[in-house]
Amino acid sequence: MSKTPDDKRLGKAERDIVALGIATAAIILFVGTGGAVLPDVMRSIWGQGEGPNLFLVNALLLNIALVIFGWRRYKELTNEIAERRVAQKTAQKLAATDSLTDCLNRRSMAEFTAAVCQRGRLTGNPIAFVVIDIDNFKQINDMHGHSKGDAALIEIANRLRAILPNNVKLARPGGDEFAFAMEVEIGDTSRVEELVMRLCESANKPLELGEVSAETTLSAGISTNSPLRGDGPDPIDAETLIHRADVAMYHSKKHGKNRYSLFEPAMEEELRLRNELEVGIRRGLERREFVPYYEQQVDISTGELVGFEMLARWKSPQMGVVSPEIFISIAEDIGVIGALSEQLIELAFQDAREWDPSITLSVNISPVQMRDPWFSQKLLKLLVKHQFPPHRLEIEVTESCLHDNIGMVRSMIASLRNQGVKVSLDDFGTGYSSLSQLRTLKFDRLKIDRSFVSELRDTEANSKIIDAIVSLGNGLDMPITAEGIEDESVLDTLKSLGNFKGQGFHYGQPEDSDQVRARLEKLGKLRVRRSKLSSDEQKADSNVAQDDILAAVEPKSNSTSG
Ligand code: C2E
Ligand code: MG
Ligand code: MG
């Protein structure tokens with residue numbers, strides 16, 4: 001086995017200990033021989049006797065050489081040891097810190113927290129543990145690249161350190177997460193809360209990352225072993241303290257981010273449920289448990305069925321039919337929304353190919369998918385694969401997409417429209433789209449959020465809002481769909497306000513693929529199943545769709561590119 005530099009240094013130091021032994025022995029010998037030789041030498045100098053014994057003189061000179069040699073080696077040894085101490089300290093520091101931000105790393109954080117807990121046991125003071133996570137950090141990495149992501153981490157670490165008391169060590173246990181442990185005065189957790197609030201606020205100022213700047217927020221979780229009643233800290237160990245702060249941080253994330261939460265036992269149950277849902281969603285995706293339901297879209301003036309909005313449902317073997325409001329955001333968080341959406345769109349294309357060609361299909365797209373630069377390519381691939389004419393497809397994006405990355409959204413919308421797909425702005429009125437965004441983004445349709453529509457019968461204010469949206473739509477040449485029509489009176493009011501497409505429970509609840517087929521069959525709007533067409537008819541049918549797709553994707557001389 002080859003020797004490490006440290007082994008070599010150790011070996012050398014050991015040899016030098018032998019050198020020190022030799023030097024010491026030489027000094028003793030020097031005293032002995034010197035005692036015998038030097039008086040003879042002095043007497044011979046004064047002419048009082050014979051010269052010293054030559055053998056002893058040689059021995060004395062040898063002794064002197066040995067003393068000098070031994071002393072020099074000893075000095076080298078002490079220098080060597082000092083150097084080793086410095087090297088060891090550097091190695092220990094490197095092993096204990098995160099080289100990017102100079103914070104403690106995960107391993108040393110656990111050790112340090114255990115030490116703070118130990119100290120707390122001695123002083124009787126409770127310990128607080130705080131976890132801080134950067135919200136949407138992935139977006140900074142995706143938008144500006146990893147070097148800017150690193151710069152953002154360094155900047156956040158510096159801002160946090162500048163606020164923390166000097167004796168508190170900041171750790172970066174991994175990714176975009178920071179943490180620290182501190183002793184608090186008994187019954188004074190509010191000071192920790194104040195501190196954490198200030199830490200969270202430190203992200204309010206944009207991060208300057210060289211030539212770009214980025215905005216972010218922080219979510220935090222606090223746990224303490226401070227007792228709710230009685231005196232003296234709870235006997236929980238450092239590991240539990242860290243876990244609880246994680247649970248509280250996760251709670252902050254789930255409740256809107258940009259906030260902090262103090263751990264409560266109920267949060268643990270919430271996390272367990274969430275983990276179960278995550279596992280269930282991944283498994284459901286593999287087992288194809290996600291299915292499209294469809295909600296009718298009707299021309300409100302004629303009552304004619306003109307299209308369907310596809311709404312995702314999860315047919316979970318354990319939980320029954322689960323609403324998208326529960327699983328979409330989790331699928332986004334765990335990074336499977338793209339795969340989930342593709343599965344659903346494929347099923348919807350298969351279903352809609354059997355409907356009358358005049359009937360449109362709307363699908364909802366998550367803001368996460370709008371950030372995928374390949375999204376429109378993926379969609380085109382699905383259109384081609386299922387021979388689905390792009391002009392029958394409408395993509396619904398929510399207003400919240402618009403403030404994510406307006407440049408990317410703009411090019412995505414342009415690219416989808418160039419393929420012949422229509423794009424509508426969903427839940428309009430609940431977000432923050434500005435008039436200039438509406439003018440430049442070229443949506444094909446506005447969908448008024450159901451919160452304005454369903455309360456139309458109660459408040460005059462809502463009808464004024466709808467009136468204003470109708471004027472806006474007319475001005476921008478965007479047709480309008482009203483969501484959430486629940487009864488005849490709302491429908492009548494809407495009819496008096498303009499000409500819309502409408503949808504809502506008044507026309508029926510969302511239905512599955514078979515129910516839709518039965519409905520269309522009754523209306524005479526179901527095509528003959530492709531499997532029942534002759535091969536020539538199937539070929540002709542495919543060609544029509546193919547032509548549609550080709551016409552849509554061929555370069556257009558007057559196409560918009562941004
Ligand atoms: P959304 O796109 O605004 O869809 C309309 C929601 O309103 C649907 O809820 C629908 O069932 C409900 N709704 C329709 N008419 C009425 C009514 O008259 N009264 C009331 N109270 N509610 C009505 P659902 O199916 O639970 O979907 C909720 C949201 O989940 C959708 O809102 C959409 O944003 C999202 N979503 C659904 N499917 C998908 C999907 O495949 N992908 C993505 N990314 N999001 C989806
Ligand atoms: Mg929608
Ligand atoms: Mg909507």
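The rules behind the values
- Residues numbered from 1 in each chain as written.
- Chains lettered and ligands numbered in written order.
- Predicted model: local features only at pLDDT ≥ 70, side-chain atom pairs only at ≥ 80, totals over all residues.
- Heavy atoms only, no water.
- Donors = N, O, S within 2.8 Å, 3.2 Å for Na, K, Ca; no water.
- Helix = DSSP H or I, 4+ residues; strand = E, 2+ residues; numbered from the N terminus.
- Buried < 20%, exposed > 50% of the residue type's maximum accessible area, 1.4 Å probe, protein only.
- Pairing = 2+ DSSP bridges.
- Right-handed = clockwise from strand over helix to strand, strands pointing away.
- Patch = residues over 30% accessible without salt bridge, like charges linked within 9 Å, V, L, I, M, F, W, Y side chains within 5 Å.
- Areas by Shrake-Rupley, 256 points an atom, 1.4 Å probe, with all protein chains shown as cover.
- Salt bridge = Lys/Arg side-chain N within 4 Å of Asp/Glu carboxyl O.
- pLDDT = per-residue confidence, 0-100.
- Contact = heavy atoms within 4.5 Å.
- Near = heavy atom within 4 Å.
- Polar contact = N/O pair within 3.5 Å; in protein donor to acceptor, adjacent residues only side chain to side chain.
- Nonpolar A, V, L, I, M, F, W, Y, C, P; charged D, E, K, R; others polar.

**What about the coordination of the magnesium ion (ligand 2)?**
At the metal site, the magnesium ion (ligand 2) is ligated by Glu309 (OE), Asn364 (OD1), Glu396 (OE) and Asp426 (OD), and these contacts range over 2.0 to 2.2 Å. Here the magnesium ion (ligand 2) and the magnesium ion (ligand 3) are spaced 3.8 Å apart, with Asp426 acting as a shared donor. One end of the pair, Glu309, is in strand E9 (residues 304-316); the other, Asn364, is in strand E11 (residues 360-365), and 55 residues separate them in sequence. Judged by its relative accessible area of 4%, Glu309 is buried. The exposure class assigned to Asn364 is partly exposed, which follows from its relative accessible area of 30%.

**Description of the pairing of strand E13 (residues 422-428)**
Taking burial as the measure, the seven residues of E13 include five buried ones, the bulk of the element. Pairing analysis gives three bridges linking E13 to strand E14 (residues 445-448), with the strands arranged parallel. Looking at E14, one finds that Leu425 is bridged to Leu446. Between the parallel elements E13 and E14, the chain passes through helix H14 (residues 435-441) in a crossover that is right-handed.

**Here's the deal with a nonpolar patch on the surface**
On the surface, a cluster of nonpolar side chains totalling about 390 Å² of accessible area is made up of Met42, Ile45 and Trp46. Structurally, the position occupied by Trp46 is in the loop between helix H1 (5-45) and helix H2 (54-96).

**Brief notes about the coordination of the magnesium ion (ligand 3)**
In the first shell of the magnesium ion (ligand 3), the protein supplies Asp426 (OD), Asp427 (OD), Glu483 (OE) and Glu483 (OE), at 1.9 to 2.8 Å from the metal. Spacing between the donor residues of the magnesium ion (ligand 3) along the chain follows D-D-x55-E.

**Regarding unusual backbone geometry**
Even without being glycine, Arg288 reaches a positive phi, approximately 55 degrees. Relative to the helices and strands, Arg288 is located in the loop between helix H8 (265-286) and strand E8 (290-299). A positive phi angle, close to 50 degrees, is found at Asp427, a residue other than glycine. Its location among the elements puts Asp427 in strand E13. For Asp427, a relative accessible area of 23% translates into the label partly exposed.

**What about the confidence of the model for the protein?**
Of all residues in the protein, 89% attain a pLDDT of 70 or more, and the chain-wide mean is 87. Counted against residues more than four places away or in other chains, residues 556-562, with its pLDDT under 50, gives 10 contacts.

**As for the site of ligand 1**
Around ligand 1, 24 residues are found, and the nearest of them are Glu295, Arg313, Arg450, Glu486 and Phe505. Here a nitrogen atom of ligand 1 and a backbone polar atom of Ala312 are 3.0 Å apart. Within the side chain of Arg450, an N or O atom sits 2.5 Å from an oxygen atom of ligand 1. Top contributing element to the shell around ligand 1 by residue count: E9, with four residues. Residues that form the shell around ligand 1 fall into these classes: nine nonpolar, five polar and 10 charged.

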